[in-house]
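The lines below spell out each chain.
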Amino acid sequence: MVTIKKFRRLLLNLPAAALLAAIAVLAVWAAPAQSAGNGILKIGVLEEPKSLNLWLASDAWSNRILSLMYQPLYLREPNSMELVPWLAAEQPDFDHKTLTCTVKLRPAKWSDGSDFTAEDVVFTGHMIYLYQMPRHYSKWKFIEKVEAVDKHTVRFVLNKPMAIFLSRTLTTPIVQKKQWASLVKQLEGSERALQEILQHDFEEPSVTGPFVVDKWKKGVFVYMKKNPHFFGQGQTIGGHKLGPHIKGIIFKIYGTADAAILALRKGDIDFYWNDIQAGYLKSIENDPDIKLFTNTKSGVYYLGFNLRRAPMDDVAFRRAVATLIAKEFIIKRILQGYGEVLHSMIPPGNEVFYNPNVPKHGAGLDRAQRVKAAYEILSRAGYTWETPPVDAQGKVQKARGIKTPDGKPLREVVILTPPADYDPHRAMSGQMIQEWLREVGIPVVSRPMAFGALIQTVKTQHDFDCFVLGYGKLALDPGYLRAFFHSSQDKPKGWNMSGYNNPEFDQLATESDETMDTAKRRDLIFKMQEILMSEVPYIPLYNPVLVEGVRADRFTGWVPALGGIGNIWSLCEIQAK
Amino acid sequence: MKRFIIKRMAQVVVVLFLILTVLFVLFRLAPGDPVERMVDPNLTLEEAEHLVEQLGLKEPILTQYGIYLKNFAMGHFGHSFHYGQPVAEVIWEKLPNTILLFTTAVILAALVGVSWGKIAAWSKGKWKDLAFTVAALVTHTLFLPWLALLLVWFFGYRLEWFPITGMMSEEVWLDPDTAWWQKAWDVGYHMMLPLLTLFLIHFGSYLLVMRSSMLDTLKEDYIVTARAKGLSEKAIRNRHAAPNAMLPVVTSVGLSLAFSINGGALTETVFSWPGIGRELVFAVSHNDYPLAQACFLLIATVVLFSNVVVDVLYAYLDPRIRY
C-alpha cells in the first residue's frame, strides 16, 4: 500500500520525473555521438565571423576564417617573417626610377574552377580605390595606376615612393572580379555604395585559399572543407611543403574561454585558437593530452600621457614616471611570467625595426633606487616637497606635499584603464602604477572605465591625464609610429591621442614613410624610437606572450610563428597522427 | 470586454512609441559609435569618417530619428552594423533557439513548481513542506553562472554524460544521411544541461508563489464548505483550492513566457547557446544600434501584448473579474 502511494506521488510529479528520465536516457543513448572526425581538425573559437564578405569582416575573429579563404600576392614566411611570393610567382620587380612595380602571377584557380588572373588584382585595387575601402584605402591611395600587362602580369605605378607598398599593398587579399563586377556596376552613382558593398553577402564566395566554407550553422559551427583548386597543394613555397593534408576544419563557437578550455581537455576540440590566460595554465600544464605552444606577439601595451595638460606636458615628469614603473614586476606578478618587458613602441619580435639601444628609464633598478632616481629627476626640474621621498641621509621615506616648479601644489592625476572584466592586466597595471607614483608623493588615482567610454574620452574628447591601452596585433611594418605620434594625427578621433608634437619626429616619420630602401628606413625608424623613448609620450610596458594549446594526440606539424601557431602555414602543413 | 481590449491596445501603441523613442535616445547617449570602437591603427581617420558617413551616422539627429521611425513603421529594421546582414535575418536565426530553450524551461518549471507548491501548502508544517520550501529557496537563490559552470564541469567534463556546451553535434548535422528526428534528438541532448540549469533556477519561484497562494485559499469559506460536504481531501485540493490559487501563478508564468524571448545572456553565454540574449548583449556592447534596437523592441512588443493576454485571461479564470 505504501509503495502504491509513493508511485502515485511520483505520477503527480510527472514533469520532474520526465526531465530526470530524459536526462538519464539521453545521457546513455546520445553520448556515443561524440566521436572524433576523420582527418577533420576541430578548432575552438570565441566568436564566429561577422560575414564571409572580405570587405566587412576585418576583425580578428573573422580573420581566422577569412585568412584561409582570400589570399594575397605575398605572404610572410613564419620563420624569417620575410615576404615570399604567394599568389605571385616571384619577387616583385621594382623600378625605383619610374616607381613601377611588375608582379608575375602564379598559375592559380578560384574555388569555382575559373582562372585567377591579373584582371582580378586590378579589379581588387579598383574596388579599394573606388569605395575608399576601410583598412585598405590608405595602402592603395598612392597607387597611380594598376594594370594587367597580360593574363599573369600586373604592373603598379606609384605616384610617390611609399615604404608600405611592398609590405602592406602587396599583401592585400585579392577578390574575384567575376563575383563582384556585377554588383559594382549596379552601384554606379549610388551615394551609399560602400554601405551596399559591406552589406553584400555571398553564400559561396570564390576564393583561392586552401579551404572554403561548406556549411555555417550560425552561432554554432563553421565547416570549411579543403579547396580542391588550391594553388599551393603539393607545392613548396618559402621552404614549406604545403598540403592541406586534412579534409577540413570545423570551427566550434564557444561562449566563454572556460567552456572552450574544458572542451580542449575533454577532447571535443583539437586546438583552441586563442590566447590561454595565465589562470588556466596551471591545470593545463600537467595534462599529458595537451601540448602548449608559447610564441611572442606583435603587441604593445603602454601608459599614455596627455601632453596637452600639465604636469604631463613636462618631459621630466614623464621620465620620472617611466623610472618609477617596474615593468619586470608587471610581467612577473600581473602577467605571471607570460610576457616580455617593452622598452620601445616596436616590440623586440620585430627584428628588423626594433631598436634595442633606446633609453631604458629605470631598467635594472630596485624599488628604493627607482624612487631616488625619480626624486632626482623631479628635483632637477624644480619640483619641491614638504616632505621629500628621500631624506637627508638618502633613505626613502613617505613623501608629502609635492609642488610643481612654479610652486603650486601638484594636482591629482587620473590614470584611465579598461575595467578588470575587459582586461585584468591593464586594470591591475594601472593600480600598480598608481602605488608606485604615490611613493614620490604624486597624487594619482587609477580609474577603470568602460572600454567604449574610455576610447571616446581619450581618442575623441582628449579629456584625460593618462591612460593604459594596448594593441595586441600590430603590423610588422612600423608605419604605425607615424600614426601614433605625427602631429597631423593630433585631432579628435586621430591616432595621436597623447597630442605629441615634435617637428623633428614629424620629418623623420614622413621621410621613413617614403623610403623604400629597408636599411635606410631602418635607420630612420631607429632614430624615431630614440626620440620617442627620450621624450616618452607613451611608456611601453609589456608585450604578452601568446600561449596556445592543442591536443597532443591528434595532429602534428604545427608551425610556430610570431602571433602563434594559428596561421595558414600550420593549417596547410599539419597531419593527423 | 471589447472596449477594454481596444483601450488596452491603444495604450500598447502609445507605450511602444515611447519605448521606440527612449531606445533611440539611449543608444545615442551611449559613448562612442560603432566605428570608434574599432581600435585598429589600420583604420585611418579618413577611412573611419567615410565609414561613419556611409552608416548614416553623420546625419542630423532629428533626421536619423525620422528615418528610424519611418523604417520601423514600414517593418524595416535596417542592417546590422556588425554582421552587415538585415537585422530581421539575424533575429530570426537566433530567436527560435531561445524560444525552444526558455519556453521549455518555463513550462517545465511551472508544471513542477505548481505541482510541488500545491503539495507543500497542503502539508504545511510537515517535513514535505519544509523540504520543498528549502529546496525552492536554495535553487532559486543560486547564482546562475556558478550553477551552470558546476553542471558543465560535473556532467559535461567529469562524467561526460553531456556535451560541454553548444546546440548541436557537427557530425550529426554535417552528415547528409541524418534524419530529422536524429537532428531533433541531437538538439534535445545538447539542451539538457541548460534546461536543467534554468529549471533549477526557476521552479522555486513558481513553487513559492503557488504555496503562498494556496495557503491563502485554504482559509476561504468555500474550502470549509467543501469539507463539510464530505468531499475527499484530494478533490478539495485539486478541484476547489488549486484552481483558485492559480491566478498569481498565471500572471507569473504568462510574463515569464513573454520574457523567454529575451532569453538569458548568462545562460546562453555559459552554454554557448546561439540565442537572442547573447546577441542582444553583443549588439549593445558593440554599438550595433539597429540590431540592439530591434531586439529590445521585439521584447517590449511581446511583453506588452502578453500583459493584455494575461489581463483577458484573468476574466476567464476568475468569474468575479469583469471589465
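Calculation rules
Residues numbered from 1 in each chain as written. Chains lettered and ligands numbered in written order. Predicted model: local features only at pLDDT ≥ 70, side-chain atom pairs only at ≥ 80, totals over all residues. Heavy atoms only, no water. Helix = DSSP H or I, 4+ residues; strand = E, 2+ residues; numbered from the N terminus. Contact = heavy atoms within 4.5 Å. Areas by Shrake-Rupley, 256 points an atom, 1.4 Å probe, with all protein chains shown as cover. Lys, Arg positive; Asp, Glu negative; His and termini not counted. Charge placed at Lys NZ, Arg CZ, Asp CG, Glu CD. Pairing = 2+ DSSP bridges. Axes fitted to C-alpha atoms, helices over the stretch in contact; angles between N-to-C directions. Salt bridge = Lys/Arg side-chain N within 4 Å of Asp/Glu carboxyl O. 1 Å grid on protein atoms, 1.4 Å probe; cavity = no way out; pocket = protein on both sides within 12 Å on 5 of 7 lines; lining within 4 Å. Points joined across faces, edges and corners; volume = space filled by probe spheres on them. Nonpolar A, V, L, I, M, F, W, Y, C, P; charged D, E, K, R; others polar. Patch = residues over 30% accessible without salt bridge, like charges linked within 9 Å, V, L, I, M, F, W, Y side chains within 5 Å. Buried < 20%, exposed > 50% of the residue type's maximum accessible area, 1.4 Å probe, protein only. Buried area = accessible area lost by both parts, 1.4 Å probe. Polar contact = N/O pair within 3.5 Å; in protein donor to acceptor, adjacent residues only side chain to side chain. Phe/Tyr/Trp six-rings, centres within 6.5 Å; stacked < 30°, edge-to-face > 60°. Domains from an automatic or database assignment.

Explain the overall build of chain B to me, using residue names and the numbers behind them.
If you tally the helices and strands in chain B, you get 13 helices and 0 strands. Walking chain B from its N terminus toward its C terminus, one meets helices and strands in the order α-α-α-α-α-α-α-α-α-α-α-α-α. Its C-alpha atoms give chain B principal-axis dimensions of about 85 × 55 × 40 Å. For chain B, restricting intrachain contacts to residue pairs at least 6 apart in sequence, the fraction spanning at least 24 positions comes to 75%. In the form shown here, chain B has an accessible surface area of approximately 15,200 Å², with 68% of it arising from carbon and sulfur atoms. Separation between the mean location of the 25 positive side-chain charges and that of the 26 negative ones in chain B comes to 21 Å.

Requested: an account of the sheet that holds strand β9 (residues 153-158) of chain A, with residues and values cited.
Sheets are built from strands that pair by backbone hydrogen bonding, the pairs being arranged parallel or antiparallel. All names here are of chain A. Strand order in the open sheet formed by 4 strands is β4-β5-β9-β8, with antiparallel pairing between adjacent strands. Looking at strand neighbours, the two that pair on one side only are β4 (93-95) and β8 (143-150), the edges of this open sheet. Taking each pair of neighbouring strands and ignoring which way they run, the sheet shows an average axis angle of 15°. Of the strand pairs in this sheet, β4 and strand β5 (residues 100-104) are connected by 3 bridges, and their pairing is antiparallel. Its bridge partner being in β5, Asp 93 is matched across the sheet by Thr 102. Against the sheet, helix α4 (residues 118-131) makes contact with β8 and β9, and its axis sits at roughly 160° relative to β8, the strand it touches most.

Outline the pattern of salt bridges, listing residues and values.
In the structure shown here, the tally under the stated rule is 35 salt bridges over all chains. Note that Glu48(A) and Lys94(B) form a salt bridge whose closest N and O atoms lie 3.6 Å from each other. Taken together, the residues Glu48(A) in the loop between β1 (40-45) and α3 (60-66) and Lys94(B) in helix α4 (residues 87-122) connect one chain to another. Notably, a salt bridge pairs Glu328(A) with Arg370(A), separated by 3.4 Å at the nearest N-O pair.

So what's going on with empty space enclosed by the protein? Residues and values would help.
All names here are of chain A. Scanning the entire structure with this criterion turns up 4 cavities of 30 Å³ or more. Volume-wise, the largest cavity comes out at about 50 Å³. Around the largest cavity, the lining residues are Ala 322, Lys 327, His 343, Pro 359, Lys 360, His 361, Met 533, Val 536, Ile 539 and Pro 540. For the lining of the largest cavity, the class distribution of residues is 6 nonpolar, 2 polar and 2 charged.

Describe a nonpolar patch on the surface, naming the residues involved and giving the relevant values.
Residues and elements named next belong to chain B. Judged by side-chain polarity, Val 22, Val 25, Leu 26 and Leu 29 come together as a nonpolar surface patch covering roughly 390 Å² of accessible area. Assignment of secondary structure puts Leu 29 in helix α1 (residues 2-29). Relative accessible area serves as the criterion here: at 65%, Leu 29 is assigned to the exposed category.

Kindly report on the interface of chain B and chain A, identifying the contributing residues and their values.
Counting residues at the interface gives 71 residues for chain B, matched by 77 residues for chain A. With both sides pooled, the region where chain B packs onto chain A buries about 6,500 Å², and carbon together with sulfur makes up 62% of that total. Run the count over chain B and chain A and you get 6 salt bridges. Here chain B and chain A share 10 residue pairs in polar contact (both at pLDDT 80 or more) between them. Counting residues per element, the ones that place at least two in the side of chain B that touches chain A are α2 (45-54), α4, α6 (144-158), α7 (170-174), α8 (180-218), α10 (233-259), α11 (265-270) and α12 (276-285) of chain B. Partitioning the side of chain B that touches chain A into residue classes produces 36 nonpolar, 18 polar and 17 charged.

Account for the packing of aromatic side chains, with residues named and values stated.
All names here are of chain A. Counted according to the given criterion, the structure contains 46 aromatic pairs over all chains. On the basis of an interplanar angle of 50° and a centroid distance of 5.9 Å, the ring pair of Phe 94 and Phe 165 is categorised as tilted. Of the two residues, Phe 94 sits in strand β4 while Phe 165 sits in helix α6 (residues 164-167), which places them 71 residues apart along the sequence. Like Phe 94, the residue Phe 165 is buried in the burial classification. Where Tyr 301 meets Tyr 542, the ring centres are 5.1 Å apart and the plane angle is 0°; that geometry is what we call stacked. Residue Tyr 301 is found in strand β17 (residues 300-305), and its partner Tyr 542 is found in strand β22 (residues 538-551); the two are separated by 241 residues along the sequence. In terms of burial, Tyr 301 and Tyr 542 fall into one category: buried.

Give me the lowdown on the environment of Leu149(B), citing residues and values where you can.
By the element assignment, Leu149(B) lies in helix α6. A relative accessible area of 34% places Leu149(B) in the partly exposed class. A sequence separation of 30 residues divides Leu149(B) from Ala179(B), and the C-alpha atoms of the two residues are 32 Å apart. Sequence-distant contacts of Leu149(B), that is, excluding residues within four places in its chain, are made with Asp258(A) and Val270(B).

Please provide a residue-by-residue account of the side chain of Lys327(A), values included.
Residue and element names in this part refer to chain A. Looking at the secondary structure, you find Lys 327 in helix α12 (residues 327-334). For the buried residue Lys 327, which engages in no salt bridge, the nearest side chain bearing the opposite charge is Glu 328, 7.8 Å off. When sequence neighbours within four positions are dropped, the list of residues in contact with Lys 327 reads Val 341, Leu 342, His 343, Ile 539, Pro 540 and Leu 541.

A description of the domain arrangement of chain B should follow, citing residues and the corresponding values.
Residues and elements named next belong to chain B. Taken as a whole, chain B is organised into domain 1 (2-73) and domain 2 (87-317). Computed from C-alpha atoms alone, the centre-to-centre distance between domain 1 and domain 2 is 32 Å. Listed per partner, the contact involves 21 residues of domain 1 and 18 residues of domain 2. Carbon and sulfur atoms make up 76% of the surface buried where domain 1 meets domain 2, a total of about 1,800 Å² over both sides. In this assembly, domain 1 and domain 2 are joined by 1 salt bridge. The closest approach of N and O atoms between Arg 8 and Asp 311, which form a salt bridge, is 3.0 Å. Inspection of the region where domain 1 meets domain 2 yields 2 residue pairs in polar contact (both at pLDDT 80 or more). Going through the elements one at a time, α1 and α3 (61-73) are the ones with two or more residues in the side of domain 1 that touches domain 2. Its residues assigned to classes, the side of domain 1 that touches domain 2 comprises 16 nonpolar, 1 polar and 4 charged.

Which residues make up unusual backbone geometry, and what are the values?
All names here are of chain A. In this chain, Gly 243 is followed by Pro 244 through a cis amide linkage whose omega measures 5°. Locating Pro 244 in the fold gives a position in the loop between β13 (240-241) and β14 (248-253). The omega angle of the peptide bond from Ala 310 to Pro 311 is 0°, so this bond is cis rather than trans. Position of Pro 311 among the secondary structure elements: in the loop between β17 and α11 (315-324).

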